[in-house]
Amino acid sequence: QKEVEQDPGPLSVPEGAIVSLNCTYSNSAFQYFMWYRQYSRKGPELLMYTYSSGNKEDGRFTAQVDKSSKYISLFIRDSQPSDSATYLCAMNNNAGNMLTFGGGTRLMVKP
Amino acid sequence: DVKVTQSSRYLVKRTGEKVFLECVQDMDHENMFWYRQDPGLGLRLIYFSYDVKMKEKGDIPEGYSVSREKKERFSLILESASTNQTSMYLCASSLLGTSDYEQYFGPGTRLTVT
């Protein structure tokens, strides 16, 4: 079993929909949680960064961490075609500088 | 503006060739990483370096080596390329920190070995 699991999708939604992307993990030592967005043929770029449990909001994006369930989510409100990309979750346990990545979920937002 | 650059976007090499992939960052980051990304397997760490001339094996180091002679430059070497090394290679860098673990990625090199 992988340390971080993520449904690969593809997830196809109409423009304007609310999107929910999720990761589950097994290592309870993870404390820092990130979401990266990767457009086709590009490198990943950081979208959201949260520490421990709770919510963080940035514009149309909300990151949610539930450490008791070992579950993190990224919500996208009013989704746009420009949100079409692969979304990767990543985590760190504060014991080194490496990240553990999920496999990524491919999102397609149709106009 | 933060920048990580990779020497080539696309590369085609023959089996058995020695391949060099270069990565340069301009953020004075201590850490540098090499990953490969394959469909269904996600990002897998090949090697990382936390200082000049220092290197640590990642999850899949077999068939690869690295070199870090200068802080801003981290090279990935495929000693004898094989078809199973056809992949997207991503370089990243980050601070040597205790709470800021963000990694900054380059655009990637899509390597095809024939």
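Residues numbered from 1 in each chain as written. Chains lettered and ligands numbered in written order. Predicted model: local features only at pLDDT ≥ 70, side-chain atom pairs only at ≥ 80, totals over all residues. Heavy atoms only, no water.

Q: Looking at this structure, how should I read the overall build of chain B?
A: The helix and strand inventory of chain B stands at zero helices and eleven strands. For 114 residues, the compact-globule estimate of 2.2 N^0.38 gives 13 Å, and the C-alpha radius of gyration of chain B, at 13 Å, lies within 12% of that figure. Dimensions of chain B along its principal axes, counting C-alpha atoms only, are 40 × 30 × 25 Å. Counting all 114 residues of chain B, 48% fall into the buried class. Looking at chain B as shown, the accessible area adds up to about 5600 Å², and 49% of this sits on carbon and sulfur atoms. (Helix = DSSP H or I, 4+ residues; strand = E, 2+ residues; numbered from the N terminus. Rg over C-alpha atoms; globule rule 2.2 N^0.38 Å. Buried < 20%, exposed > 50% of the residue type's maximum accessible area, 1.4 Å probe, protein only. Areas by Shrake-Rupley, 256 points an atom, 1.4 Å probe, with all protein chains shown as cover.)

Q: Help me understand the sheet that holds strand β8 (residues 71–76) of chain A in this model?
A: Sheets are built from strands that pair by backbone hydrogen bonding, the pairs being arranged parallel or antiparallel. Residue and element names in this part refer to chain A. The sheet built from five strands is open, its strands ordered β1-β3-β8-β7-β6 with antiparallel pairing. Single-partner strands in this sheet number two, and they are β1 (4–5) and β6 (54–58). Alignment of β6 against strand β7 (residues 61–66), held across five bridges, turns out to be antiparallel. Counted as the bridge partner of E57 is T62 from β7. (Pairing = 2+ DSSP bridges.)

Q: So what exactly am I meant to see when it comes to the nonpolar core here?
A: Side chains of nonpolar character tend, in soluble globular proteins, to be buried together. Residues and elements named next belong to chain A. The biggest cluster of nonpolar side chains holds 23 residues, and the ones touching the most others in it are W35, I72, L74, Y87 and M91. For this core, the secondary-structure elements that each account for two or more residues are β3 (19–25), β4 (32–38), β5 (45–51), β7, β8, β9 (85–92) and β11 (105–110). In this view, L74 contacts V19, S20, L21, W35, L47, M48, F61, T62, A63 and Y87; residues no more than four positions away in its chain are not counted. (Core = buried A, V, L, I, M, F, W, Y, C linked by side-chain atoms within 4.5 Å. Contact = heavy atoms within 4.5 Å.)

Q: Looking at this model, I keep getting lost on the pairing of β5(A). Mind explaining?
A: In the case of a regular strand, side chains alternate between the two sheet surfaces. All names here are of chain A. Bridge analysis of β4 against β5 gives six bridges, and the strand direction is antiparallel. Each bridged residue has a counterpart across the sheet, and for R37 the counterpart in β5 is E45. What sits between the antiparallel neighbours β4 and β5 is a turn of six residues, in which R41 has the positive phi angle 65°.

Q: Sorry, what's going on with the state of the cysteines here?
A: A disulfide bridge is the covalent bond that connects two cysteines by way of their sulfur atoms. Scanning all chains against the criterion turns up two disulfides over all chains. The side chain of C23(A) participates in a disulfide bridge whose partner is C89(A); the two sulfur atoms lie 2.0 Å from each other. Residues C23(A) and C89(A) are joined through a disulfide that is left-handed, its torsion about the S-S bond being -105°. In this pair, C23(A) is assigned in strand β3 and C89(A) in strand β9, connecting sequence segments 66 residues apart. The class of C23(A) is buried, set by a relative accessible area of 0%. Take C89(A): its relative accessible area is 0%, and that puts it in the buried class. Here C23(B) is linked by a disulfide to C91(B), with a sulfur-sulfur distance of 1.9 Å. (Disulfide = S-S within 2.5 Å.)

Q: What is the right way to look at the interface of chain A and chain B in this model?
A: When the parts of a complex come together, some accessible area is lost, and that lost area is often taken as the interface size. Opposite the 20 residues of chain A that make contact, chain B presents 25 residues. In total, about 1700 Å² of surface goes out of reach between chain A and chain B, with carbon and sulfur atoms giving 54% of it. For the pair chain A and chain B, the interface holds zero salt bridges. Run the count over chain A and chain B and you get four residue pairs in polar contact (both at pLDDT 80 or more). Looking at the side of chain A that touches chain B, the elements that each hand over two or more residues are β4, β5 and β9 of chain A. Its residues assigned to classes, the side of chain A that touches chain B shows ten nonpolar, seven polar and three charged. (Buried area = accessible area lost by both parts, 1.4 Å probe. Salt bridge = Lys/Arg side-chain N within 4 Å of Asp/Glu carboxyl O. Polar contact = N/O pair within 3.5 Å; in protein donor to acceptor, adjacent residues only side chain to side chain. Nonpolar A, V, L, I, M, F, W, Y, C, P; charged D, E, K, R; others polar.)

Q: Hey, could you run me through the environment of Q103(B) in this one?
A: Residues and elements named next belong to chain B. Structurally, Q103 is set in the loop between β9 (87–94) and β10 (104–105). For Q103, a relative accessible area of 1% corresponds to the buried category. Within polar-contact distance, the side chain of Q103 engages the side chain of Y35 at 2.7 Å.

Q: How should I be thinking about the environment of L90(B) in this particular structure?
A: All names here are of chain B. As for its placement among the helices and strands, L90 is situated in strand β9. Note on L90: relative accessible area 0%, which makes it buried. Taking the C-alpha atoms as reference points, L90 and K57, separated by 33 residues in sequence, lie 16 Å from one another.

Q: Can you walk me through the packing of aromatic side chains in this structure?
A: Geometrically, a pair of aromatic rings is defined through the distance of the ring centres and the angle of the planes. Applying the stated rule across the entire model yields 13 aromatic pairs over all chains. A centroid spacing of 5.8 Å and a plane angle of 65° characterise the contact between Y25(A) and F30(A), whose relative ring orientation is edge-to-face. Each member of the pair, Y25(A) as well as F30(A), is classed as buried. Cluster of aromatic residues (ring-pair linked, three or more members): Y36(A), F101(A), F33(B), Y35(B), F48(B) and F105(B). (Phe/Tyr/Trp six-rings, centres within 6.5 Å; stacked < 30°, edge-to-face > 60°.)

Spatial relationships are all this shows, so hold off on functional conclusions.
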